[in-house]
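Report on the structure
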Amino acid sequence: MAKDALKAAMPESFPPQHQEHQPGKETEMEPRPIYDDDAPGCGRLANKVAIITGGDSGIGRAVAVSFAKEGASVAIVYLDQQEDAEETAATISKYGGKSLLIRADVRQEANCANIAESTLKEFGHIDILVNNAAVQYPVETIEGISAEQLEQTFTTNIYAYFYLTKHVVPHLKEGASIINTTSITAFQGNELLIDYSSTKGAIVAFTRSLSQSLMKKGIRVNGVAPGPVWTPLIVSSFNEEQVAKFGKNVPMGRAAQPFEIAGCYVFLASKDAAFVTGQILHPNGGVPV
């Protein structure tokens, strides 16, 4: 996509819209998120194999496509959005890459064990793990957070990171990389997302602690803490009025498109970040952290 056309396709505001089902569908968003800028890769991940949870849409989709353009094979883990997952796989194929679609609920540890085994069976090795799947449910007061919601949020957003990492680490070799998606809310908080922000804070601590634990094995562990990004999670968790204002509160005055975040993951997965571990990158539109 030409630079001028790409810029024109990146709106500063979005039409009011809402989807009832999380994680939401990219195919029903208006406008569609931009997950690929059509720029060629540089072979930085040649012959690598990556697992990406939530790889069917949003940031996960952009990362999957970027990894493939850099030469990686990608296992795309998704919950139930088959159409989105297939579109991601088709884009990877367009660039000559290989992908494996794995439909799984990462809240169940047994499923995480199966994800690792399925990836090994298909590709023979694992080099990169991107823990990315998440849910969020805005609630105005802490009294409104039910026990069921609290369990759902923590099980999806942090337990699943533990489960999948536990089953992937035995198969990682020196030089491997784990990248965890946290959020600006881990550092700033969010009055409507108390439980979500708490899990994102836990991910920061998980990342820093795990990096120390795996350093002796030569495995790097880092995180990415995006600010507002135009993804299906936004339209499936916020109401129409909130969606219309989404991203306006950062210095750049707009939400990011997923492809603008993916480069952080490519960097952290590659040899360019060989001396980087235990760190969090902050693509957040200019918010000092």
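This part covers the nonpolar core. Counting residues in each nonpolar core, the largest one holds 31 residues, and the members touching the most others are I51, I115, V168, L172 and I178. If you list the elements that add at least two residues to this core, you get strand 1 (49-53), strand 2 (73-78), strand 3 (99-103), helix 4 (109-123), helix 5 (147-168) and helix 7 (194-214). Leave out the neighbours within four places in its chain, and V168 touches I51, A116, I126 and L129. A64, V130, L268 and A273 belong to the second largest nonpolar core, which has 29 residues in total.

Within the element layout of this structure, Q19 appears in the loop between helix 1 (3-8) and strand 1. Contacts of Q19, omitting those with residues within four sequence positions, involve G24, K25, E28, M29, V235 and S236.

Over its 13 residues, helix 3 (residues 82-94) runs 18 Å from end to end, which matches the ideal 18 Å to within 8%, given 1.5 Å per residue. For helix 3, the full list of buried residues reads D84, A85, T88, A89, T91 and I92. Take helix 3 and look down its axis: the buried residues cluster within an arc of 160 degrees, on one side only. Helix 3 presents E83 and K94 as exposed residues on the side facing more than 90 degrees away from its buried surface. Count one or two residues on from helix 3 and you reach G96, which has phi positive near 80 degrees.

It is worth spelling out the sheet that holds strand 4 (residues 128-131) at this point. Strand order in the open sheet formed by seven strands is 3-2-1-4-5-6-7, with parallel pairing between adjacent strands. Each of the sheet's edge strands pairs with one partner strand only, and the pair in question is strand 3 and strand 7 (280-281). Sheet topology note: the strand 4/strand 5 (residues 177-181) ladder contains four bridges and is parallel. Pairing of N131 across the sheet is with N180, part of strand 5. Against the sheet, helix 7 touches strand 5, strand 6 (220-224) and strand 7, its axis set at about 165 degrees to strand 5.

Here we take up the environment of I184. Looking at the element boundaries, I184 is found in the loop between strand 5 and helix 6 (185-188). Accessibility expressed as a relative area gives 10% for I184, which makes it buried. Expressed as a C-alpha distance, the spacing of I184 and A225, which sit 41 residues apart in the sequence, is 5.3 Å. With near-sequence residues (within four places) excluded, I184 lies in contact with G189, A225, P226, G227, N284 and V287.

Right, let's get into the pairing of strand 4. Along strand 4, one buried face is formed by I128 and V130 and the opposite face, lined by L129 and N131, is buried too. Bridge analysis of strand 1 against strand 4 gives three bridges, and the strand direction is parallel. Each bridged residue has a counterpart across the sheet, and for I51 the counterpart in strand 4 is L129. The handedness of the strand 4 to strand 5 crossover, carried by helix 5, is right-handed.

Right, let's get into the pairing of strand 3. Taking every second residue as pointing to the same face, the buried face of strand 3 carries L100 and I102, while none of S99, L101 and R103 on the other face is buried. Examined bridge by bridge, strand 2 and strand 3 share five bridges and lie parallel to one another. Within strand 3, the residue paired with I76 across the bridge is L101. Handedness of the crossover joining strand 2 and strand 3 through helix 3: right-handed.

Parameters at a glance
- Each residue is numbered by its place in its chain's sequence as written, counting from 1.
- Reporting in this predicted model follows two pLDDT cut-offs: at least 70 for local features of residues, and 80 or more for side-chain atom pairs to be given and counted; totals over whole chains, interfaces and linings ignore these cut-offs and use all residues.
- Computation of side-chain values: all heavy atoms of the structure, hydrogens and water removed.
- What makes a nonpolar core is a set of buried Ala, Val, Leu, Ile, Met, Phe, Trp, Tyr and Cys residues whose side-chain atoms join them at distances within 4.5 Å.
- Relative accessibility decides the category of a residue: with a 1.4 Å probe and only protein chains considered, values under 20% of the type maximum give buried, values over 50% give exposed, and everything between is partly exposed.
- Secondary structure counts use DSSP, requiring at least four H or I residues in a row for a helix and at least two E residues in a row for a strand, with both numbered from the N terminus.
- Contacts were defined at the residue level, with two residues in contact if any of their heavy atoms lie within 4.5 Å.
- By this rule, a helix spans an expected 1.5 Å times one less than how many residues it contains.
- The arc under discussion is defined with respect to the helix axis, by the directions toward the C-beta atoms.
- Note on pairing: DSSP must find at least two bridges between two strands before they are called paired.
- To get an axis, fit a line to the C-alpha atoms, keeping to the stretch in contact for a helix; angles then go from 0 to 180 degrees between the N-to-C directions.
- With the strands pointing away from the viewer, any crossover whose connection runs clockwise from the first strand over the helix to the second is right-handed.

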